[in-house]
Amino acid sequence: MPLRLIFMGTPDFAVPTLVEIVGRGHEVAAVYTRAPKPAGRGMETQPTPVEREARRFGLPVHTPTSLRTPEAVAAFKAHGADAAVVVAYGIILPKPILDAVPLGCFNLHASLLPRWRGAAPINRAVMAGDRETGVAVMRMEEGLDTGPIAMERRVPIPPDMTAGQMHDALARLGADLMVGALSALERSSLALTPQPTDGVTYAAKLTNAETRIDWLRPAQEVHDHIRGLSPFPGAWCELAIDGKPTRLKILRTTVAVGSAPPGTLVDEAFTVACGEGAVRVLELQRAGRQAMKAEDFLRGQPLKHGTTLS
């Protein structure tokens, strides 16, 4: 029989899983998501992507600011769900919530656990130059992404793939994996495997302090840093345009050949020297403007060999 579920998620990454769960005939008793926040130029209150999708399906939506009160726990239990599905919800689930559904709370995590536990697994995997990543479904415990693994699926990370591209691929893959895990849970055949104790790494939340490009690093590291932050929050540098320092968000690069002082253009095709080797800029964005290909930028703003970026 289909399961009665509580779905808990917030960003775009969680939407494909919600869609798949509904499409497979499971009963979604409630959707929990973060409260709407002001966004956009007019700073109008915007519902989360998960809330928008839940409303489209006519599902009841809850946006508590905390799950730690007795009232929140009682309301959670009152849904009478068999299990909860959690995908990038953004609020820590306390033990009374984890224990409130008989079959448990199952989290979809965008890494191959125990590597990259934490907040930014996709970005960190790409930034580190990992050659593969994946998605995992785990039964949640109180620890940070420490629960036993129910299912996982591996995928390669192509050398020029951005974090944004990997995000979209893993969202689709993760949705399929989660409904597979729920099918096994229905049949009482879902096997859980404890996570290995070796190889634990943490995917710390991204900070503004680490977004500036360091041209002193080797070209491969610079390339991985840029693609790991693309498209958001974006790695950036400064270029003097009309005598004024102008911030450029660099969105796509490729490793290239060239030698010059780090941060210096080695040609007029936007190839920038690094501590070792060089990278060629393929796509960029000026503040307040649309992203554009480097060749289009250069038509309006030609750059000379030897120009320095900081």
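What counts, and at which threshold
- Within each chain, residue numbers correspond to sequence positions counted from 1 in written order.
- Reporting of local features is limited, given that this is a predicted model, to residues whose pLDDT is at least 70; pairs of side-chain atoms are given and counted only at 80 or more, and all residues count toward the totals for whole chains, interfaces and linings.
- Hydrogens are left out, water is left out, and the side-chain values use all remaining heavy atoms of the structure.
- In this text, helices come from DSSP runs of H or I with a minimum length of four residues, and strands from runs of E with a minimum of two, each type numbered from the N-terminal end.
- Each residue's exposure class comes from its accessible area (1.4 Å probe, protein chains only) as a fraction of the maximum for that residue type: buried when under 20%, exposed when over 50%, partly exposed otherwise.
- Any pair of residues with heavy atoms lying within 4.5 Å of one another is described as a contacting pair.
- Pairing between strands is defined by DSSP: at least two bridges between them are needed.
- By convention, a stacked pair of Phe, Tyr or Trp rings (six-membered ring in the case of Trp) has centres within 6.5 Å and planes under 30 degrees apart, an edge-to-face pair has planes over 60 apart, and any other such pair is tilted.
- Throughout this description, the term charge over a ring refers to an Arg CZ or Lys NZ atom that lies within 6 Å of the ring centre and within 35 degrees of the ring normal.
- Here a polar contact is recorded for every N or O atom pair within 3.5 Å, except that within protein the pair must consist of a potential hydrogen donor and a potential acceptor, and residues adjacent in sequence are included only if both atoms are side-chain atoms.
- Axis lines are fitted through C-alpha atoms, for helices just across the contact stretch, and the angle between N-to-C directions can take any value from 0 to 180 degrees.
- These descriptions rest on fixed angle ranges, namely under 35 degrees for roughly parallel, over 145 for roughly antiparallel, 65 to 115 for roughly perpendicular, and the rest for oblique.
- Helix crossings fall into two classes, left-handed where the near helix is turned counterclockwise from the far one by less than a right angle and right-handed where it is turned clockwise.
- The distinction between a cavity and a pocket rests on a 1 Å grid over the protein atoms alone: a 1.4 Å probe fits inside a cavity but cannot get out, while a pocket stays open yet meets protein on both sides within 12 Å along at least five of seven lines, and a residue with an atom within 4 Å of a point counts as lining.
- Grid points are joined across faces, edges and corners, and a volume is the space filled by probe spheres set on the points.
- Asp, Glu, Lys and Arg are counted as charged, while Ala, Val, Leu, Ile, Met, Phe, Trp, Tyr, Cys and Pro are counted as nonpolar; the rest, among them Gly, fall into the polar class.
- The directions from the helix axis to the C-beta atoms form the arc being described.

K.L.:
Any chance you could explain the overall build of the protein chain here in plain terms?
P.N.:
Looking only at helices and strands, one finds eight helices and 16 strands in the protein chain. Structurally, the protein chain occupies a C-alpha span of about 65 × 45 × 30 Å along its principal axes. Here the protein chain, with 310 residues, has 48% of them falling under the buried criterion. Relative to all contacts within the protein chain whose residues are 6 or more apart in sequence, the contacts with residues 24 or more apart total 65%.

K.L.:
For this particular structure, what's the right way to read helix H7 (residues 219–228)?
P.N.:
An α-helix turns once per 3.6 residues; consequently, residues spaced three or four apart project the same way. Counting buried residues along H7, eight of its 10 residues qualify, which places the element largely inside the surrounding structure. Along H7, the residues that are buried comprise Ala219, Val222, His223, Asp224, His225, Ile226, Arg227 and Gly228. Buried residues along H7 sit against helix H5 (121–127), helix H6 (163–186), strand S12 (235–241), strand S13 (244–256) and strand S15 (278–286).

K.L.:
For this particular structure, what's the right way to read the sheet that holds strand S1 (residues 4–9)?
P.N.:
Pairing between the strands of a sheet comes from backbone hydrogen bonds, and it takes one of two forms, parallel or antiparallel. With mixed pairing, the seven strands of this open sheet are ordered in space as S5-S2-S1-S6-S7-S9-S10. Edge positions in the sheet fall to strand S5 (61–62) and strand S10 (149–156), since each of these pairs with one other strand and no more. As paired elements, strand S7 (residues 105–109) and strand S9 (residues 132–139) share four bridges and run antiparallel to each other. Each bridged residue has a counterpart across the sheet, and for Asn107 the counterpart in S9 is Met138.

K.L.:
Could you clarify how one ought to interpret the packing of aromatic side chains in this entry?
P.N.:
Geometrically, a pair of aromatic rings is defined through the distance of the ring centres and the angle of the planes. Throughout the structure, instances matching the rule amount to two aromatic pairs. Aromatic pair Tyr32 and Phe76: ring centres 5.5 Å apart, planes at 65 degrees, arrangement edge-to-face. Here Tyr32, found in strand S2 (residues 27–32), pairs with Phe76, found in helix H3 (residues 70–78); they are 44 residues apart in sequence, far enough to count as distant. Accessibility classification places Tyr32 together with Phe76 in one group, the buried group. Considering the side-chain rings of Phe270 and Phe297, the 6.0 Å spacing of their centres and the 40 degrees angle between planes classify their relative orientation as tilted. Here Phe270, found in the loop between S13 and strand S14 (271–273), pairs with Phe297, found in helix H8 (residues 294–300); they are 27 residues apart in sequence, far enough to count as distant. Owing to a relative accessible area of 4%, Phe297 belongs among the buried residues under this scheme. Positioned over the ring face of Phe57 is Arg56, at 4.6 Å from the centre of the ring.

K.L.:
I would appreciate a short explanation of the side chain of Arg227 in the present structure.
P.N.:
Secondary-structure assignment places Arg227 in helix H7. By relative accessible area, which is 5% here, Arg227 ends up buried. Of note is the side chain of Arg227, whose polar atom sits 3.3 Å from the backbone oxygen of Pro159. Side-chain polar atoms of Arg227 contact the backbone oxygen of Met161, separated by 2.8 Å. Arg227 has contacts with Val126, Gly129, Ile157, Pro158, Pro159, Asp160, Met161, Thr162 and Ala163, leaving out every residue within four places of it along the chain.

K.L.:
I'm lost on the packing of helix H1 (residues 15–23) against helix H2 (residues 49–57) in this one. Help?
P.N.:
When two helices pack together, their arrangement is given by the angle between the helix axes and the distance between those axes. Two elements in contact, H1 and H2, have axes whose closest approach is 9 Å; the angle formed by their N-to-C orientations is 20 degrees. As far as their axial angle goes, H2 and H1 are roughly parallel. Handedness of the H1/H2 crossing: right-handed. Every residue of H2 that contacts H1 at Val15, Leu18, Val19 and Val22 is listed here: Pro49, Val50, Glu53, Ala54 and Phe57.

K.L.:
How do you make sense of the layout of surface pockets when you look at a structure like this?
P.N.:
In this approach the atoms are scanned with a rolling probe the size of a water molecule, which exposes any empty space left behind. Each pocket or cavity is described by its volume, and for the second largest pocket that value is around 180 Å³. Forming the walls of the second largest pocket are Asn208, Thr211, Pro233, Gly234, Trp236, Arg247, Leu248, Lys249, Gln285, Arg286 and Ala287. The set of elements that each furnish at least two residues to the lining of the second largest pocket consists of S13 and S15. The greatest single-element share of the lining of the second largest pocket, amounting to three residues, is contributed by S13. Across the lining of the second largest pocket, the residue classes tally to four nonpolar, four polar and three charged.

K.L.:
Before we go on, may I ask you to explain H3 in this structure?
P.N.:
Three or more residues of H3 are buried, namely Ala72, Val73 and Phe76. Each buried residue of H3 lies within a common arc of 95 degrees when the element is viewed along its axis, so the set occupies one face. Those residues of H3 that are exposed and angled more than 90 degrees off the buried face are Pro70, Glu71 and Ala78. Packing partners of the buried residues in H3 comprise S1, S2, strand S6 (83–87) and helix H4 (95–98).

K.L.:
Just to check I follow, could you spell out the packing of H1 against H6 for this structure?
P.N.:
Their axes nearest at 8 Å, the elements H1 and H6 cross at an angle of 40 degrees. As H1 runs across H6, the sense of the crossing is right-handed. Mapping the contact onto sequence places Pro16, Thr17, Glu20 and Ile21 in H1 and Ala171, Gly174, Ala175, Met178, Val179 and Leu182 in H6. Across the contact of H1 with H6, the residue classes break down as seven nonpolar, two polar and one charged.

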